[in-house]
Amino acid sequence: RRSSRRTQRLIHSTTPSSTMSSAMATQQFTANVLRTGARNARKAPRAASRMTVRAAQTDLTLPIDLRGKKAFVAGVADDQGFGWAISKCLAQAGCEVILGTWVPALNIFETSLRRGKFDESRKLSDGSLMEFAKVYPMDAVFDTYDDVPEEIRTNKRYAGNEKWTVTECAEQVEKDFGKIDILVHSLANGPEVAKPLLETSRNGYLAALSASSYSKVSMLQRFGPIMNKGGAAISLTYLASERIIPGYGGGMSSAKAALESDTQVLAYEAGRKWGIRVNTISAGPLGSRAAKAIGFIDDMINYSLTNAPLAEKPLSAMEIGQTAAFLCSPLASGITGSCIYVDNGLHAMGLATDAKSLERSD
């Protein structure tokens, strides 16, 4: 009311001409405000759009972030296989990587690493080289030193190394690093892999299961207690676990089937006991040094290139590594007990497109 009275007194005290001038000025000011507001309104969508683009370029990303995490990777003996690719992807995500290398291969691996033979393969995206926190000798076939037979204890390929059984290795890792977050099982061996199953001996069959599937059970038994809650364990399997792959013998197909079945049971037991996730990756054929021991890996690679849904696309070890990094990250916190196929879709095929029986004569 006081403001209204002051306004009335001001109006009554002015002359008609000054009142007219004031009114015109007010109208002009209002018009200017309206024009400015309209211009700003037209600019607003463009400005908002530019801000959205900037946000998309900077903030709206979904990275695999493993900084502050520690991984133990078993089964790395060169820079060609899946274990190396998994280690590299974990390191790229910021994870500290600890290796467990088969004892007879340890000396050659460390020598090659020290002499820079792996430097090109060690390069990360920023140009730096992947570093390993430590490389331990390990033979996942033996749980404790009491399990080691005399011929292995005295074997010159094991000479100079100690504390390389699964139990001893886990104890050393805990002593040196405390708890870990990620456990990678990237190892397999079948001494009679080239033999058909009908020609495989009991010892050969059981050896394949021991090295290729029970070793994962043993590792999780020993490393599980030193893993942080929310951690992850992964392994590598192959399509022969569920499909007939002639030539993949010696009990190896059975070992991979056991590995996949154990993955589900361990997912339940380790999940309830330690709060960790357990998965496996079914990788397509790759011409690694270990795979070449089978004898027909090149044929399997060519078969996949011809018959997989993603035909003529070579499979890269890094594709398995990237999948492993995802499965070990918080982005996959709801995935456990799963077998993830990374094989260009070959597992989904029920008919070979290049089969001679499909050929038609004109």
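Placed above this text is the structure.
As the structure is a prediction and not an experimental result, all values here were calculated from the model. (Residues numbered from 1 in each chain as written. Predicted model: local features only at pLDDT ≥ 70, side-chain atom pairs only at ≥ 80, totals over all residues. Heavy atoms only, no water.)

Draft legend 1. The overall build of the protein chain, seen in detail. A tally of helices and strands in the protein chain yields 12 helices and seven strands. Counting the 362 residues in the protein chain, one finds 42% classified as buried. Across the protein chain, contacts joining residues at least 24 apart in sequence account for 77% of those joining residues at least 6 apart. Carbon and sulfur atoms form 54% of the exposed surface of the protein chain, whose accessible area is close to 20,500 Å². (Helix = DSSP H or I, 4+ residues; strand = E, 2+ residues; numbered from the N terminus. Buried < 20%, exposed > 50% of the residue type's maximum accessible area, 1.4 Å probe, protein only. Contact = heavy atoms within 4.5 Å. Areas by Shrake-Rupley, 256 points an atom, 1.4 Å probe, with all protein chains shown as cover.)

Draft legend 2. Quick peek at the sheet that holds strand E6 (residues 277-283). In space, the seven strands of this open sheet follow the order E3-E2-E1-E4-E5-E6-E7, with parallel pairing throughout. Two strands bound the open sheet, and with one partner strand each, they are strand E3 (134-138) and strand E7 (339-342). For this sheet the average axis-to-axis angle between neighbouring strands, irrespective of direction, equals 20°. Bridge count for E6 against E7 is four bridges, and the pairing is parallel. When the sheet's bridge partners are listed, Thr280 is paired in E7 with Cys339. Where helix H12 (residues 317-327) meets the sheet, its contacts fall on strand E5 (227-237), E6 and E7, and the angle it forms with E6 comes to roughly 165°. (Pairing = 2+ DSSP bridges. Axes fitted to C-alpha atoms, helices over the stretch in contact; angles between N-to-C directions.)

Draft legend 3. Geometry of the environment of Ile294. Mapping Ile294 onto the fold places it in the loop between helix H10 (289-292) and helix H11 (297-307). Ile294 has contacts with Val193, Gly247 and Tyr248, leaving out every residue within four places of it along the chain.

Draft legend 4. Structural context of the pattern of salt bridges. Taken as a whole and judged by the stated rule, the model has eight salt bridges. Note that Lys134 is salt-bridged to Asp176, the shortest N-O span being 3.0 Å. On the criterion of sequence distance, the pair formed by Lys134 in strand E3 and Asp176 in helix H7 (residues 166-177) is long-range, its members being 42 residues apart. According to the relative accessible area criterion, Lys134 is partly exposed, its value standing at 36%. What you see here is one network of salt bridges that share partners, running through Asp119, Arg122 and Glu131. (Salt bridge = Lys/Arg side-chain N within 4 Å of Asp/Glu carboxyl O.)

Draft legend 5. A look at empty space enclosed by the protein. If you walk through the whole model with that rule in mind, you get two cavities of 30 Å³ or more. The calculated volume of the largest cavity comes to roughly 50 Å³. Lining the largest cavity are Tyr238, Leu239, Ile245, Ser282, Ala283, Gly284, Pro285, Met300, Asp343 and Leu346. When the residues that make up the lining of the largest cavity are grouped by side-chain class, the tally is seven nonpolar, two polar and one charged. (1 Å grid on protein atoms, 1.4 Å probe; cavity = no way out; pocket = protein on both sides within 12 Å on 5 of 7 lines; lining within 4 Å. Points joined across faces, edges and corners; volume = space filled by probe spheres on them. Nonpolar A, V, L, I, M, F, W, Y, C, P; charged D, E, K, R; others polar.)

Draft legend 6. Layout of the nonpolar core. In this structure, Ile86, Leu90, Leu99, Phe109, Phe132, Ile182 and Ile320 are the most contacted members of the largest nonpolar core, which totals 40 residues. The set of elements that each furnish at least two residues to this core consists of strand E1 (70-74), helix H3 (82-92), strand E2 (96-102), helix H4 (103-114), strand E4 (180-185), E5, E6 and H12. Considering every element that reaches this core, the biggest residue donor is H3, with seven residues. Other than its neighbours up to four places away in sequence, Leu99 contacts Phe72, Val73, Val76, Ser87, Phe109, Phe132, Lys134, Val135 and Tyr136. (Core = buried A, V, L, I, M, F, W, Y, C linked by side-chain atoms within 4.5 Å.)

Draft legend 7. Structural context of the environment of Ile245. Note on placement: Ile245 falls in the loop between E5 and helix H9 (252-274). What makes Ile245 buried here is its relative accessible area of 15%. Residues Ile245 and Met300 lie 55 residues apart in sequence; the distance between their C-alpha atoms is 9.4 Å. For Ile245, the contacting residues outside a window of four places in its chain are Tyr238, Ala240, Phe296 and Met300.

Draft legend 8. Highlighting the packing of H3 against H12. Contact geometry of H3 with H12 gives a least axis separation of 8 Å together with a crossing angle of 50°. On the basis of their axis angle, the class for H3 and H12 is oblique. As H3 packs across H12, the resulting crossing turns out to be right-handed. Contacts between H3 and H12 involve Phe82, Ala85, Ile86, Lys88, Cys89 and Leu90 from the former and Ala317, Met318, Ile320, Gly321, Gln322, Ala324 and Ala325 from the latter. Classifying every residue of the contact of H3 with H12 gives 10 nonpolar, two polar and one charged. (Parallel < 35°, antiparallel > 145°, perpendicular 65-115°, else oblique. Left-handed = near helix turned anticlockwise from the far one by under 90°.)

Draft legend 9. Summary view of the side chain of Lys256. On the secondary structure map, Lys256 appears in helix H9. One buried charged side chain, Lys256, makes no salt bridge at all; its nearest oppositely charged neighbour is Glu260, positioned 8.0 Å away. Discounting chain neighbours no more than four positions away, the residues touching Lys256 are Ala188, Leu236, Thr237, Tyr238, Ser241 and Tyr248. (Lys, Arg positive; Asp, Glu negative; His and termini not counted.)

Draft legend 10. Structural detail: the packing of H7 against helix H8 (residues 202-223). Contact geometry for H7 and H8: axes closest at 9 Å, N-to-C directions at 35°. Pair H7 / H8 crosses with right-handed handedness. Of the residues in H8, those touching H7 at Val166, Thr167, Cys169, Ala170 and Val173 are Ser218, Met219, Arg222 and Phe223. Split by residue class, the contact of H7 with H8 holds six nonpolar, two polar and one charged.

Draft legend 11. Spotlight on the packing of aromatic side chains. In total, this model carries nine aromatic pairs according to the counting rule given. Judged by centre distance (6.1 Å) and plane angle (70°), the ring pair of Phe142 and Trp164 falls under edge-to-face. A residue pair is termed long-range when its members are at least 10 positions apart, and Phe142 in the loop between E3 and helix H6 (150-153) and Trp164 in the loop between H6 and H7 qualify at 22 residues. The burial state of Phe142 is the same as that of Trp164; both residues are buried. (Phe/Tyr/Trp six-rings, centres within 6.5 Å; stacked < 30°, edge-to-face > 60°.)

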